[in-house]
Amino acid sequence: MALRIVVSFVKSNALRQAARLLSTHTRPEIFQNGGSASDFPGARAPYVTEMKFLNENSYDPIPIYRVMDNNGEIIDGTQEPNIDKDTLLGMYKTMIQLSQMDKILYESQRQGRVSFYMTNYGEEGIHVGSAAALSPRDLVFAQYREVGVLLHRGMTVTELINQCYGNCEDPGKGRQMPVHYGSKQRNIVTISSPLATQMPQAVGAAYALKRLPNNDRCVICYFGDGAASEGDAHAAFNFAATLDCPVIMFCRNNGYAISTPTSEQYRGDGIAARGPSLGISTVRVDGTDALAVYNAVTSARRLAIANRPVLIEAMSYRVGHHSTSDDSSAYRPLEEIQKWTKEENPIQKMRLYLERKGYWDAEADKQCVKESRETVVRTMQEAEKKKRPHWKEMMEDVYYDMPQRLQKQVRQMEKHLEKYQQHYPLNQYQND
């Protein structure tokens with residue numbers, strides 16, 4: 001089935017025409033109508049006597065692959081993935097847990113209990129669908145709106161909330177902004193704030209995996225439509241293609257880069273259209289459909305392990321504000337948000353699908369929401385009571401051996417705190 005997904009897209013009219021128009025690789029079909037072929041080192045293409053400029057309207061848009069409709073019904077039975085009951089329920093419970101964590105931590109920021117937060121509303125299907133299709137050994141380069149991937153991989157609510165609160169149990173030791181998670185044990189690279197920095201890093205990591213003997217791992221790199229406008233994105237795509245890296249470049253196109261809509265970000269056929277032009281296997285998928293995302297990533301992973309880079313564009317909608325620093329009502333109508341919340345809700349689609357299979361019901365849903373909420377509230381209360389990291393942590397973990405200049409600064413700080421300790425809440429921090 002996974003093979004059918006890839007083949008169906010390659011044979012689609014959109015990709016066939018895009019390949020003819022954009023690809024720099026020799027394709028026998030472009031010479032079927034006769035005519036001599038050029039022999040330029042930069043491109044193999046037929047000669048024509050009619051000049052024609054190409055633009056985004058020269059070929060049909062790349063289609064969007066989906067498995068479920070808005071009511072959770074399978075559209076084509078042959079495309080329903082063979083996922084066991086426990087995994088399906090685990091995916092859905094992760095979506096519920098993420099939703100509850102978003103609600104409570106967003107409110108927590110508004111109460112001044114954390115400094116910053118970003119919600120994931122509307123993109124939960126992308127998270128669980130992609131994470132379930134990966135191997136735990138695959139390396140994840142996330143942006144900052146893939147918390148469901150981390151939860152599905154085993155990161156606990158406690159670990160995530162400790163990071164947001166920057167307490168002494170935060171693996172980042174309070175140095176990062178909230179929602180900048182990471183887990184070496186689970187092959188999740190720590191998130192960075194600057195857009196697109198993770199993209200060339202991911203390709204480099206994939207190239208390193210490729211050089212290992214008998215490699216059976218791939219890298220997945222998540223990024224948004226806004227990040228795709230950065231120069232790092234174009235460099236990453238090109239290196240992935242030319243070096244044949246085992247990487248899945250996963251774009252979640254949610255319609256907005258903070259307040260900038262996609263209509264002001266690009267003029268072509270979204271992000272997916274860039275794939276064929278660079279020689280990258282490409283598919284566009286309904287990001288509100290967790291099953292479609294699962295199928296797409298399953299197929300993409302097979303290609304990536306064979307050293308064929310893949311670009312996936314998951315079409316979705318960012319229901320929430322960009323972050324707690326944003327007010328999206330200033331640049332988009334509330335009716336638009338309500339439409340996507342009601343009609344294209346990934347959690348609702350997954351719930352209806354599970355109910356149709358007899359795996360879930362209203363009582364189970366109510367209980368799951370209750371338990372998830374209680375977990376977040378309890379964990380948040382515990383995180384607030386934990387002390388902050390020792391102040392010396394801000395000067396450590398950069399050098400293997402601390403240089404003399406930093407040692408001098410530590411001694412100066414110690415004397416300063418000893419002299420003016422009444423002005424500092426040292427009881428809130430860990431001691432030696």
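Bear in mind the structure is a predicted one, so any value in this text is a computation, not a measurement. Throughout this document, residue positions are counted from 1 along each chain, in the order its sequence is written. Whole-chain, interface and lining totals are the exception, using all residues; otherwise, since this is a predicted model, local features are given only for residues with pLDDT of at least 70 and side-chain atom pairs are given and counted only at 80 or more. Hydrogens are left out, water is left out, and the side-chain values use all remaining heavy atoms of the structure.

*Asks:* Looking at this structure, I do not really get the overall build of the protein chain. What am I missing?
*Replies:* Only runs of H or I of at least four residues qualify as helices and only runs of E of at least two qualify as strands under DSSP, and these elements are numbered from the N terminus. Scanning the protein chain from terminus to terminus reveals 14 helices and eight strands. The globule rule used here is 2.2 Å times the number of residues to the 0.38 power, and the radius of gyration it is set against is calculated over C-alpha atoms. For 432 residues, the compact-globule formula gives about 22 Å, and the C-alpha radius of gyration of the protein chain, at 24 Å, lands near that figure. Judged by the C-alpha coordinates and their principal axes, the protein chain covers about 85 × 60 × 50 Å. Counting the 432 residues in the protein chain, one finds 49% classified as buried. Contact definition: two residues touch when any of their heavy atoms are within 4.5 Å. Summarising the internal contacts of the protein chain: among those between residues at least 6 apart in sequence, 73% fall at separations of at least 24. With the model as given, the accessible surface of the protein chain reaches about 21,400 Å², and the carbon-plus-sulfur share is 50%. Burial status follows relative accessibility: with a 1.4 Å probe on protein chains alone, a residue under 20% of its type maximum counts as buried, one over 50% as exposed, and anything between as partly exposed. For accessible areas, the Shrake-Rupley method is used with a probe of radius 1.4 Å. Any residue's cover is judged against the shown protein chains and nothing else.

*Asks:* Explanation requested: the pattern of salt bridges in the structure shown.
*Replies:* Between side chains of opposite charge, a pair can form as their charged atoms come close. The salt bridge definition used is simple: a Lys or Arg side-chain nitrogen within 4 Å of an Asp or Glu carboxyl oxygen. In the structure shown here, the tally under the stated rule is 25 salt bridges. Among the ionic pairs, R145 bridges to E123, the shortest N-O distance being 3.7 Å. Of this pair, R145 sits in the loop between β1 (139-141) and α5 (147-152) while E123 sits in the loop between α3 (85-110) and α4 (124-133), placing them 22 residues apart in sequence. By sharing partners, the salt bridges in this structure join R66, D286, E344 and K349 into a single network.

*Asks:* How do you make sense of the confidence of the model for the protein chain when you look at a structure like this?
*Replies:* Caution applies to low-pLDDT parts of the model: their predicted coordinates are not meant to be read in detail. How sure the predictor is of each residue is captured by pLDDT, a score from 0 to 100. Model confidence for the protein chain is summarised by a mean pLDDT of 92, while 92% of its residues fall at 70 or above. Below a pLDDT of 50 lies the segment residues 6-31, which in the model reaches 49 contacts outside its immediate sequence neighbourhood of four places, other chains included.

*Asks:* I keep staring at helix α14 (residues 404-419) and nothing clicks. Help me out?
*Replies:* Residue pairs three or four apart in sequence face the same way in an α-helix, which turns once every 3.6 residues. With 16 residues, α14 extends 23 Å from end C-alpha to end C-alpha; this agrees with the ideal 22 Å at 1.5 Å per step. Listing the buried residues of α14 in full gives L406, V410 and L417. Buried residues of α14 fall within an arc of 50° about the axis and therefore sit on the same side. Of the exposed residues in α14, those oriented more than 90 degrees away from the buried face are Q404, R405, K415, E418 and K419. One less than the residue count of a helix, multiplied by 1.5 Å, gives the span that helix is expected to have. An arc is given here, and it is the one of the directions from the helix axis to the C-beta atoms.

*Asks:* Help me understand the UniProt feature "domain: Dehydrogenase E1 component" (unreviewed entry) in the protein chain, please; the structure alone is not making it clear to me.
*Replies:* UniProt positions are given in the numbering used here, feature names are shortened, and annotations may be inferred rather than shown by experiment. In this numbering, the UniProt entry assigns the feature "domain: Dehydrogenase E1 component" (unreviewed entry) to residues 92-390. Across residues 92-390, the secondary structure splits into 45% helix and 11% strand, with the terminal C-alpha atoms separated by 38 Å.

*Asks:* Teacher, can you tell me more about helix α13 (residues 362-385) here?
*Replies:* With 24 residues, α13 extends 35 Å between its outermost C-alpha atoms, agreeing within 8% with the 34 Å of an ideal straight helix rising 1.5 Å per residue. Polar contact is the term for a pair of N or O atoms within 3.5 Å; when the atoms are in protein, one must be able to donate a hydrogen and the other to accept it, and sequence-neighboring residues count only if both atoms are side-chain atoms. The N-terminus of α13 is capped by D361, whose side-chain oxygen sits 3.2 Å from the backbone nitrogen of E363.

*Asks:* Quick question: what am I supposed to make of the pairing of strand β3 (residues 219-224) here?
*Replies:* Each regular strand carries side chains that alternate between the two faces of the sheet. Burial analysis of β3 places six of its six residues in the buried class, which makes it a mostly covered element. Taken together, the six bridges between β3 and strand β4 (residues 247-253) define a ladder with parallel strand orientation. When the sheet's bridge partners are listed, C221 is paired in β4 with M249. Traced from β3 through helix α8 (residues 231-242) to β4, the parallel crossover comes out right-handed. Note on pairing: DSSP must find at least two bridges between two strands before they are called paired. Note on handedness: a clockwise path from strand one over the helix to strand two, with the strands aimed away from the viewer, defines a right-handed crossover.

*Asks:* Whenever I open this one, the side chain of R217 confuses me. Can you help?
*Replies:* On the secondary structure map, R217 appears in the loop between α7 (198-210) and β3. We count Lys and Arg on the positive side and Asp and Glu on the negative side, and we leave His and both chain ends out. One buried charged residue, R217, forms no salt bridge at all, with the nearest opposite charge on D138 at 5.5 Å. What R217 contacts, discounting residues up to four positions off in sequence, is R137, D138, N187, L209, P246, R301 and I305.

*Asks:* What should I look at first to understand the side chain of N167 in this one?
*Replies:* You can see N167 is positioned in the loop between α6 (157-165) and β2 (188-189). We classify N167 as buried; its relative accessible area is 1%. Setting aside chain neighbours within four positions, we find N167 in contact with N162, A383, K386, K387, R388 and P389.

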